[in-house]
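# Commentary on secondary and tertiary structure
Letter by letter, the chains look like this.
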Amino acid sequence: MDNRQAIGSWLSGPRAAMEDAGAEFGHRGEQLGLPESGPGSIARPGRRLGALAVDWSLCVLIAYGLITEGYGQATSNWALLIFLVLSVLTVGTLGFTPGKRLFGLRVVTLATGQVHPGRALLRSVLLCLAIPALIWDRDGRGLHDRLAGTVEIRI
């Protein structure tokens, strides 16, 4: 093995190195019975981050304009509370937040296709803690989605 190949496999990560060695992992969402691409497939990280940025910006604007009338630590704290309430109410009833709708995403449970408000509350609280959302499984689901029994899919 050439040194460039060894460094390249290290930079691309363990999954790519295993795939180069012949291991078959399948596509994201295959274990969940979801298609590889198109509607109903697992949402990609770029879309998820874009939707999160839109939702967070909306919450900061609401906190800045209606509650604190200036930017500071209090604005961020209020924005987090507004984000929690927005996420619980919209995901628990509609299945998406304004940002998710803008990016064509929806949160569903695999069994029923809809999110129960209790699951939406658990998912939103874990999302606000941030650490569970940064731990992903092989299918691209965050720990907050796994614990809540939900999956974020494309519409």
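For clarity, every value in this text was computed on a predicted model and none was experimentally measured. Position numbers for residues start from 1 in each chain and track the written sequence from start to end. Totals for whole chains, interfaces and linings use all residues, but because this is a predicted model, local features are given only for residues with pLDDT of at least 70 and pairs of side-chain atoms are given and counted only at 80 or more. In computing side-chain properties, one takes all heavy atoms of the structure into account and sets aside hydrogens as well as water.

## Observations concerning the nonpolar core
What counts here: Among buried residues, those of type Ala, Val, Leu, Ile, Met, Phe, Trp, Tyr and Cys that are joined through side-chain atoms within 4.5 Å constitute a nonpolar core. For each residue, the accessible area found with a 1.4 Å probe, counting protein chains only, is set against the maximum for its type, and the residue is called buried under 20%, exposed over 50%, and partly exposed in between. Numbering goes from the N terminus for both helices and strands, where a helix is a DSSP run of H or I of at least four residues and a strand is a run of E of at least two.
By size, the foremost hydrophobic cluster in this structure holds 9 residues: Cys59, Val60, Ala63, Ala79, Ile82, Phe83, Leu86, Leu127 and Ala133. Take this core: its biggest share by element is 4 residues, from helix α4 (residues 73-93). If you look at the next biggest cluster of nonpolar residues, it comprises 5 residues, including Leu34, Ile42, Val108 and Val151.

## Here we look at the pattern of salt bridges
Opposite charge on two side chains allows them to pair when their charged atoms are near. How we decide: Each salt bridge in this description consists of a side-chain nitrogen of Lys or Arg and a carboxyl oxygen of Asp or Glu lying within 4 Å of one another.
Applying the stated criterion across every chain yields a total of 6 salt bridges. The shortest N-O distance in the salt bridge between Arg48 and Asp145 comes to 2.8 Å. Of this pair, Arg48 sits in helix α3 (residues 45-68) while Asp145 sits in helix α8 (residues 143-148); the two residues are 97 residues apart in sequence, bridging distant segments of the chain. On the accessibility criterion, Asp145 (0% relative accessible area) is buried. Measuring nitrogen to oxygen at the nearest pair gives 2.9 Å for the salt bridge that ties Arg146 to Asp137. A cluster of three or more residues bridged by salt bridges with shared partners is formed by Arg48, Lys100, Arg123, Asp145 and Glu152.

## What to know about the packing of α3 against α4
Applied cut-off: In this analysis, axes come from line fits to C-alpha atoms, helices being fitted only over the stretch in contact, and the angle between any two N-to-C directions falls in the range 0 to 180 degrees. If an angle is under 35 degrees, it is roughly parallel; if it is over 145, roughly antiparallel; if it lies from 65 to 115, roughly perpendicular; otherwise it is oblique. In a left-handed crossing the near helix is turned counterclockwise from the far helix by less than a right angle, and in a right-handed crossing that turn is clockwise. What makes two residues a contact is simply this: any of their non-hydrogen atoms within 4.5 Å. Put simply, Ala, Val, Leu, Ile, Met, Phe, Trp, Tyr, Cys and Pro go in the nonpolar bin, Asp, Glu, Lys and Arg in the charged bin, and everything else, Gly too, in the polar bin.
Taken N-terminus to C-terminus, the directions of α3 and α4 make an angle of 120°; their axes are 8 Å apart at the nearest point. One element, α3, and the other, α4, form an angle in the oblique class. As for the relative orientation of α3 and α4, their crossing is right-handed in sense. The segment α3 lies against α4, with Leu52, Asp55, Trp56, Cys59, Val60, Ile62, Ala63, Tyr64, Ile67 and Thr68 engaging Ala74, Thr75, Ser76, Trp78, Ala79, Leu80, Ile82, Phe83 and Leu86. When its residues are assigned to classes, the contact of α3 with α4 shows 15 nonpolar, 3 polar and 1 charged.

## Let's talk about the side chain of Glu152
Note the following rule: Nitrogen and oxygen atoms within 3.5 Å of one another constitute a polar contact, given that in protein one can donate a hydrogen and the other can accept it, and given that sequence-neighbouring residues count only through two side-chain atoms.
Residue position: Glu152 is located in strand β2 (residues 150-154). Within the structure, Glu152 has its side chain in polar contact with the side chain of Lys100 (distance 3.4 Å).

## Here we look at the confidence of the model for the protein
Put simply, the test is: In predicted models, pLDDT denotes the confidence assigned by the predictor to each residue on a 0 to 100 scale.
Within the protein, residue pLDDT values average 87, and 85% of them lie at 70 or more. When mean pLDDT is taken per element in the protein, helix α5 (residues 98-102) scores highest with 97 and helix α1 (residues 3-12) scores lowest with 59.

## Examining the pairing of β2
The cut-off we apply is this: Whether two strands pair comes down to DSSP finding at least two bridges between them.
Burial runs high along β2: 4 of the 5 residues are buried. As paired strands, strand β1 (residues 105-109) and β2 are joined by 5 bridges and run antiparallel to one another. Counterpart to Arg106 in the pairing with β2 is Ile153.

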